[in-house]
Each structure stands twice: as structure tokens, then as C-alpha cells.
Amino acid sequence: MKKKSGPLYFRIKEDIKERIEKSEFTKGQIIPTEKELCEHYHACRVTIRRALDELISEEILERGFGKSATVKCEPVPRTMNSLSGLYEELEKTGIKCSSFILSSTVIPADKEIAEKMKLQISDEVIRIERLRYASGVPLCFQELYLNHQLCPGMQLKNGEFSLYKTLDKEYGVKVQVADQTIKAAMSDYRMSAMLELPSQTCMLLVSRTAYDSGGECVEYSHTYYVSNRYQLDMTLKREEQN
């Protein structure tokens, strides 16, 4: 660490900022533990914690699950002017989008799912839980239901792929329109652990019901986005006033 003026915690904070600027610590990377930083800077834990707390307040670092600090990522941009999947949207901006499938099972629709998807109770749906990543950084947790009749035997895979493109190419199902709501929500313990977040983190909950050109429901989903890693952009047009 270069010689600088000011209290030790301040000099450590500025040194960590320089290391981030030089890409020694990259966006989304977990920085060394408090113990390792104590040894590196020959400082006590109280001093290290103050330096980290100030970096967090300046939104340079953020606390992950288990109190580990990570270099804060730029929010992932998403436009709201057309209907597309997350993979398609991020692909346009050059961001690598990937998925990890937690579970995928065929189940009978219960009353709530049947009502949302305009199905009969006990009609088969594919229930999928998956994590989505943007350039390797956890972005969201998704609970997804697909109309099994429209895509029988469909198996989602880990890695990079577009659900909507797969439905189109393999099953001839074209998603044309969707109803969507967005509201605030809080992560539970399981979600926080999977997305590497502090417990009770503020999320953006996006609920979508998507239909094909014939008006048949294809998808019903709840997607929990990490609020400070996700950004919604839209273009608004003022209607003519009488």
C-alpha cells in the first residue's frame, strides 16, 4: 500500500478502490475475507470493517450472503418496449446470459395455476425452478410453469439458451403477447443463499402470463430480480389531450 495521509481505515479504503480500478478485483468478485485483509494491511478487524463499510456506503462494494463483500456490478439494463425473453434481451447488449436448472418436473395444475393459465385443474404443466446469471453474476431466481400440452417432454438445459426460441424452433409455439406486473418483494433465506445475497434483500418481482397467437397460455412465471443488479428502461409517449 502506497503511503497516504489520513487515518489507517481511510488509507485502506482508498487502496482497495485503487485495486478495483486496476481490475485486481473485478465486478462481482468476492474480495478477501476480513481476516485476510487484516493480515495484508497489518490492521485490526475494527479498522478493516470501517473501511469496508464506507466502501459499501459509497456503493463500490456490496454485502453478499454470509456477510462476504463483493465488488458491486453495474445494473443489467432491460427495455420494456417489446416482448422478449431475458436471454434475447441481454444478447442484444452483449451480456452473457446463462441458466442453472434447480428442478424440472411435470405436475398437475392446482386451482391457482389452472386459473392463471386458463387450464382445467389437474391438466399437466411443467414446473421449473432456475437461476439466471448475467456474465456469471447471479441476477434472478425464476419459478416457471409451461403448458405441457404445447411442449410435451420439454427439458430445459443448463447453460446459454433462449426459452422462447426453443419453443418456436422445437414445438412451433410462438409467444406473441403477455400480461406482466412488477412489484417489490423480499428474498427469503433459500433465495438469498442461492443468489449470494444478505437475508431479506429487496427484490423486483416480475410476474408474467404469456400467450401464443391463438390466445392459449404458454407460460406463467414469477421472476425475482436482485434489485440493485437490474434496471428497467422504457420509452413513454404522451397521448393527445383534448
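Report on the accompanying structure. The structure displayed is predicted, hence computed values, not measured ones.

**Some remarks on the overall build of the protein**
Across its full length, the protein holds seven helices and 10 strands. Overall, the protein is about 70 × 50 × 30 Å in size when its C-alpha atoms are taken along their principal axes. Relative to its full complement of 242 residues, the protein shows a buried share of 45%. Counting contacts in the protein only where the partners sit at least 6 residues apart, residues at least 24 apart contribute 59% of the total. For the protein, the separation between the mean place of its 35 positive charges and that of its 36 negative charges on side chains is 6 Å.

**Comments concerning the pairing of strand E3 (residues 76-79)**
Here E3 shows a buried face lined by Val 76 and Arg 78 and an unburied face lined by Pro 77 and Thr 79. Taken together, the four bridges between E3 and strand E10 (residues 230-233) define a ladder with parallel strand orientation. For Thr 79, the partnering residue across the bridge sits in E10 and is Asp 233.

**With respect to the side chain of Ser 207**
Relative to the helices and strands, Ser 207 is located in strand E8 (residues 202-212). Overall, Ser 207 belongs to the buried group, its relative accessible area being 13%. Each residue touching Ser 207, except ones within four places of it in the same chain, is listed here: Asp 179, Gln 180, Thr 181, Ser 221 and His 222.

**Structural notes on unusual backbone geometry**
The phi dihedral of Ser 23 is positive, around 65 degrees, even though this residue is not glycine. Its relative accessible area of 49% is what places Ser 23 among the partly exposed residues. Phi at Ser 122 takes a positive value of approximately 85 degrees, unusual for a residue other than glycine. Here Ser 122 shows up in the loop between helix H5 (111-117) and strand E5 (124-134). Ser 122 sits in the partly exposed class, given a relative accessible area of 48%.

**Things to note about the packing of aromatic side chains**
This structure, assessed with the given rule, holds three aromatic pairs. On the numbers, 6.3 Å between centres and 35 degrees between planes, the contact of Phe 141 with Tyr 224 is tilted. Highlighted residues: Phe 141 in strand E6 (residues 137-147) and Tyr 224 in strand E9 (residues 217-226), separated in sequence by 83 residues. Residue Phe 141 is classed as buried on the basis of its relative accessible area, which comes to 5%. For Tyr 224, a relative accessible area of 18% puts it in the buried group. With a centroid separation of 3.8 Å and 10 degrees between ring planes, the pair formed by Tyr 225 and Tyr 230 is classed as stacked. Under the relative-accessibility criterion, Tyr 230 is labelled buried at 6%. Across from the ring centre of Tyr 9, 3.9 Å away, lies the NZ or CZ of Arg 50, which sits over that ring.

**Overview of the state of the cysteines**
Covalent bonding between the sulfur atoms of two cysteines is what defines a disulfide. According to the stated counting rule, one finds zero disulfides in the structure shown. Considering cysteine sulfurs only, Cys 38 is the nearest to Cys 44, which forms no disulfide, with 6.9 Å between them.

**Considerations on the nonpolar core**
Judged by nonpolar contacts, the single largest core of 17 residues is most densely connected at Ile 128, Leu 146, Met 154, Leu 156, Leu 163 and Leu 167. The set of elements that each furnish at least two residues to this core consists of E5, E6 and helix H6 (163-171). If we ignore the near neighbours within four places in the chain, the residues touching Met 154 are Ile 126, Leu 146, Leu 163, Thr 166, Leu 167 and Tyr 171. Judged by nonpolar contacts, the second largest core, of 16 residues, contains Ile 31, Tyr 41, Ala 43 and Ala 51.

**Side note on the pattern of salt bridges**
With the rule as written, the count across this model stands at 16 salt bridges. Among the salt bridges present, the one from Glu 14 reaches Lys 17, with a minimum N-O distance of 3.5 Å. One end of the pair is Glu 14 and the other is Lys 17, both in helix H1 (residues 8-21) and three residues apart, which spans about a single turn. Measuring nitrogen to oxygen at the nearest pair gives 3.7 Å for the salt bridge that ties Glu 34 to Arg 45. Note that Glu 34 is positioned in helix H2 (residues 34-41) and Arg 45 in helix H3 (residues 45-57), a separation of 11 residues in sequence. The buried category is assigned to Glu 34, whose relative accessible area is 16%. One salt-bridge network, in which partners are shared between bridges, spans Lys 13, Glu 14, Lys 17, Arg 50, Glu 54 and Glu 58.

Rules and cut-offs
- Residues numbered from 1 in each chain as written.
- Predicted model: local features only at pLDDT ≥ 70, side-chain atom pairs only at ≥ 80, totals over all residues.
- Heavy atoms only, no water.
- Helix = DSSP H or I, 4+ residues; strand = E, 2+ residues; numbered from the N terminus.
- Buried < 20%, exposed > 50% of the residue type's maximum accessible area, 1.4 Å probe, protein only.
- Contact = heavy atoms within 4.5 Å.
- Lys, Arg positive; Asp, Glu negative; His and termini not counted.
- Charge placed at Lys NZ, Arg CZ, Asp CG, Glu CD.
- Pairing = 2+ DSSP bridges.
- Phe/Tyr/Trp six-rings, centres within 6.5 Å; stacked < 30°, edge-to-face > 60°.
- Lys NZ or Arg CZ within 6 Å of the ring centre and 35° of its normal.
- Disulfide = S-S within 2.5 Å.
- Core = buried A, V, L, I, M, F, W, Y, C linked by side-chain atoms within 4.5 Å.
- Salt bridge = Lys/Arg side-chain N within 4 Å of Asp/Glu carboxyl O.

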